[in-house]
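# Architecture at a glance
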Amino acid sequence: RIGRSAGINTYSAGLDASWTLDVFGVQRSAVAAAEASARAAAESLDSVQADIATELTLAYVGLRSAQARRVFAVDNLASQQNTLQITRWRVQAGLLSDLEGYQAAAAAEQAAALLPAWQTLIEQSAFALAVLTGRPPATLLASLTPLGALPASPADPVTGVPTDTVRHRPDVRAAEMQVSAGMASLARAEAARWPTLSLSGSLGLSALTLGALGSAAAVVRALAGQVAVPIFDGGAAAAEVRVQRAALDQARVAWEAVVLAALKDVEDARAALRGNREQLLRLQAAAVAATQAAQLARKRYASGLVDYQTVLETQRTNLATQDGVAAARADVVADQVRLAAALGLGWRGPAGGPPSQTEAARTTPS
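Residues numbered from 1 in each chain as written. Predicted model: local features only at pLDDT ≥ 70, side-chain atom pairs only at ≥ 80, totals over all residues. Heavy atoms only, no water.

## Quick notes on the side chain of Arg64
The criterion, for reference: Going along the chain from the N terminus, every DSSP run of H or I of four or more residues is numbered as a helix, and every run of E of two or more is numbered as a strand. Polar contact criterion, stated in full: a pair of N or O atoms within 3.5 Å, where within protein one must be able to donate a hydrogen and the other to accept it, and residues adjacent in sequence count only if both atoms are side-chain atoms. Contacts between residues were defined by any pair of non-hydrogen atoms, one from each residue, lying within 4.5 Å.
Mapped onto the fold, Arg64 is located in helix α1 (residues 26-92). Of note is the side chain of Arg64, whose polar atom sits 2.6 Å from the side chain of Gln67. Here Leu144 takes part through its backbone oxygen, which lies 3.3 Å from a polar atom of the side chain of Arg64. Once you skip the residues sitting within four places of it in the chain, Arg64 turns out to touch Leu144, Pro146, Leu147, Gly148, Ala149 and Leu150.

As structure tokens, this is what we get:
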């Protein structure tokens, strides 16, 4: 109604559409930046999962190593008790004084005192595995109580150019995706400074009566073009370009830092693996000699050819070398786990090894 004139009704129906031509790639760059950021987030998730899998394997290696070293402690206790019994017989026979008897009793008790400490370490390692797998500690401890072997040591991975090798690592790939996202964001900011061209159109029906909407005279069409040129923005577009360029530089520096850290991890793992392998070979040779010396000393002591101090020293040396072999063997396996993690190759244990990452995820409470 206009003024005092009679009121009129207008009926219309139509469709409007607009299209902005991506001439300078603003939208393409924005999509590329979003995709790179999404891939970086996915790689970061993979990095966390790889770290959990590595910690899981190392905890399992620590558990099996503690079990193996406890076995050597049990064997040493049995040997000390056997020596104590022989010493008591010789003291009763007047062949030895009470001093040797007390020394043998003290050595046996010291050997027995090591067992609770090893049992505590075994239980704590099992509880750490329970946390990593999301299982009740008591249930997991029961399943891991039977003595098991260390995971088999695989062959050393074949590596090529170090910088190409570490690209398997998810954290390196995530840093690369962050650089790609920064490049795309910079391209978007630069393209936003250029003019934009957009087209808009509409097609519809308009009439004074509802019945007249179907006539050809009711068709309404419109097509318009628009060019927008940023002229006066107070330097906002140029500032945005500088911001995105600084963000790209930061992403590149972060990528370089991640790559250098990855190369350091690889070289550290390699150096540790070489050193521990050599140490293991030396300790194995020492363990063979120490075992023979301990057996010979016990036989000669039973025959009265050597004193108790000789037996005590050989038994202590034997225990130390056997324990050292078990510890060095676990260190070698742990070094191989760390090397595989540093190279981004993952770890595949044998059957009966540590729970897999998939199994751990399946057992995690929702």
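And the narrative resumes.
## Details of the pattern of salt bridges
Two side chains with opposite charge may pair up if their charged atoms get near one another. Spelled out, the test is: Basic side-chain nitrogens of Lys or Arg form a salt bridge, by our definition, when they fall within 4 Å of a carboxyl oxygen of Asp or Glu. Relative accessibility decides the category of a residue: with a 1.4 Å probe and only protein chains considered, values under 20% of the type maximum give buried, values over 50% give exposed, and everything between is partly exposed.
Counting across every chain of the model gives 12 salt bridges. Note that Asp265 and Arg169 form a salt bridge whose closest N and O atoms lie 3.4 Å from each other. Remark: Arg169 occurs in the loop between α4 (162-165) and α5 (170-191) and Asp265 occurs in helix α6 (residues 236-302); sequence separation between them is 96 residues. Of the charged contacts in the structure, one is a salt bridge between Glu313 and Arg316, with a shortest N-O distance of 4.0 Å. Here Glu313 pairs with Arg316, and both are found in helix α7 (residues 308-343), just 3 residues apart, close to one helical turn. Judged by relative accessible area, Glu313 falls into the partly exposed class, the value being 43%. Each of the salt bridges in this network shares a partner with another, and the network as a whole consists of Arg169, Asp171 and Asp265.

## Focus: helix α2 (residues 98-133)
Note the cut-off: Residue count minus one, scaled by 1.5 Å, sets the expected span of a helix.
Its 36 residues give α2 an end-to-end C-alpha distance of 54 Å, which sits within 8% of 52 Å, the value for a rise of 1.5 Å per residue. Where α2 ends, the next residue or the one after it, Gly134, has phi of about 70°, a positive value.

## What about the environment of Val48?
Examined against the element boundaries, Val48 turns out to sit in helix α1. C-alpha separation for the pair Val48 and Gly214, spaced 166 residues apart in sequence, amounts to 63 Å.

## Some thoughts on the environment of Gly25
Considering the arrangement of structural elements, one finds Gly25 in the loop between β1 (11-21) and α1. Expressed as a C-alpha distance, the spacing of Gly25 and Leu141, which sit 116 residues apart in the sequence, is 59 Å.

## Observations concerning the pairing of strand β2 (residues 196-207)
To be explicit about the condition: Should DSSP find at least two bridges between two strands, the strands are regarded as paired.
Bridge count for β1 against β2 is 11 bridges, and the pairing is antiparallel. In the sheet register, Ser18 faces β2, and the bridge partner there is Ser200.

## Remarks on the environment of Ala107
As for its position among the elements, Ala107 is in helix α2. Assessed through its relative accessible area of 6%, Ala107 is described here as buried. When the C-alpha positions of Ala107 and Gln81 are compared, they lie 8.8 Å apart, and in sequence the two are 26 residues distant. Not counting residues up to four positions away in its chain, the partners in contact with Ala107 are Gln80, Tyr308 and Leu312.

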